[in-house]
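# What the coordinates show
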Amino acid sequence: MQSTTNIKDIVSVFGGSKYLGRKVKDRIAFDYLIREGFTLDAGAHLREAVRLTEREFAGLLGISLRTFARKKKQEVRLSPVASDRLFRLARIFAFAMEVLGSTEQAREWLHTPQTGLAERTPLDMIKTEAGAQEVEDLLGRIEHGVAL
């Protein structure tokens, strides 16, 4: 089951166009942003909303804490791979907020081991696209009231 999360919701979890550096109206615009690389500022609002430490955030992006600190200090753009992972986190967080009804419930759910994910946390699962698809499928089942 693929998420149909509204682009406006994804932009919102990034903190809006101000943080993204431009207006984003569709996934094609996000594709361009991912390919050029997000700045860490673009992810700062999202990191705070999800309540991730810098170490957790760097791990989700697939970079070391040292690389994270260097990029933050030098205001260097993330690689397209790390940017894609950042978009994945934003997309799933926005979907979780939509399904669960609030930022707080979505945040808590992402940090809590889930039976439908073999007792792993959604944040751990979204480190890979296969895991992210499982998280989206689980959210879809929750949304439609399907027994877990």
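Here, every reference points to the structure presented above.
Numbering of residues starts from 1 in every chain and runs along the sequence as written. Whole-chain, interface and lining totals are the exception, using all residues; otherwise, since this is a predicted model, local features are given only for residues with pLDDT of at least 70 and side-chain atom pairs are given and counted only at 80 or more. By convention in this description, side-chain values take in all heavy atoms of the structure and omit both hydrogens and water.

Moving on, we get to unusual backbone geometry. Despite not being glycine, Ala118 has its phi angle at roughly 55 degrees, a positive value. Where helices and strands are cited, they refer to DSSP runs of H or I of at least four residues and of E of at least two residues respectively, numbered from the N terminus. By secondary structure assignment, the location of Ala118 is in the loop between α8 (103–111) and α9 (122–125). Relative accessibility thresholds used throughout: buried, under 20% of the residue-type maximum; exposed, over 50%; partly exposed, between the two (1.4 Å probe, protein chains only). Its relative accessible area of 64% is what places Ala118 among the exposed residues. Positive phi, close to 65 degrees, is recorded for Glu119, a residue that is not glycine. Among the secondary structure elements, Glu119 is positioned in the loop between α8 and α9. Owing to a relative accessible area of 49%, Glu119 belongs among the partly exposed residues under this scheme.

With axes taken as lines fitted to C-alpha atoms, and helix axes fitted only over the stretch in contact, angles between N-to-C directions fall between 0 and 180 degrees. Running from N to C, helix α7 (residues 80–100) and helix α10 (residues 129–143) cross one another at 10 degrees; their axes reach a closest spacing of 10 Å. As judged from the angle between their axes, α7 and α10 are roughly parallel. Mapping the contact onto sequence places Arg88, Arg91, Ile92, Phe95, Ala96, Glu98, Val99 and Leu100 in α7 and Glu129, Ala132, Val135, Glu136, Leu139, Gly140, Ile142 and Glu143 in α10. Three classes are used: nonpolar for Ala, Val, Leu, Ile, Met, Phe, Trp, Tyr, Cys and Pro, charged for Asp, Glu, Lys and Arg, and polar for all others, with Gly counted as polar. Its residues assigned to classes, the contact of α7 with α10 comprises 9 nonpolar, 1 polar and 6 charged. Between 65 and 115 degrees an angle is taken as roughly perpendicular, under 35 as roughly parallel, over 145 as roughly antiparallel, and anywhere else as oblique. Any two residues whose heavy atoms approach within 4.5 Å at even a single point are treated as in contact.

The next point concerns the packing of aromatic side chains. The description of two aromatic rings rests on the distance between their centres and on the angle between their planes. Any two rings among Phe, Tyr and Trp, with Trp reduced to its six-membered ring, count as a pair given centres within 6.5 Å; such a pair is stacked if its planes are under 30 degrees apart, edge-to-face if over 60, and tilted if neither. Counting across every chain of the model gives 4 aromatic pairs. Each ring, one from Phe14 and one from Phe30, has its centre 5.9 Å from the other, and the planes form 35 degrees; the classification is tilted. Linking Phe14 in the loop between α1 (7–13) and α2 (17–20) with Phe30 in helix α3 (residues 27–36), this pair joins segments that are 16 residues apart in sequence. Here Phe14 falls in the buried class, since its relative accessible area comes to 0%. A relative accessible area of 1% places Phe30 in the buried class. Members of the aromatic cluster, connected to one another through ring pairs, are Phe14, Phe30, Phe38 and Phe87.

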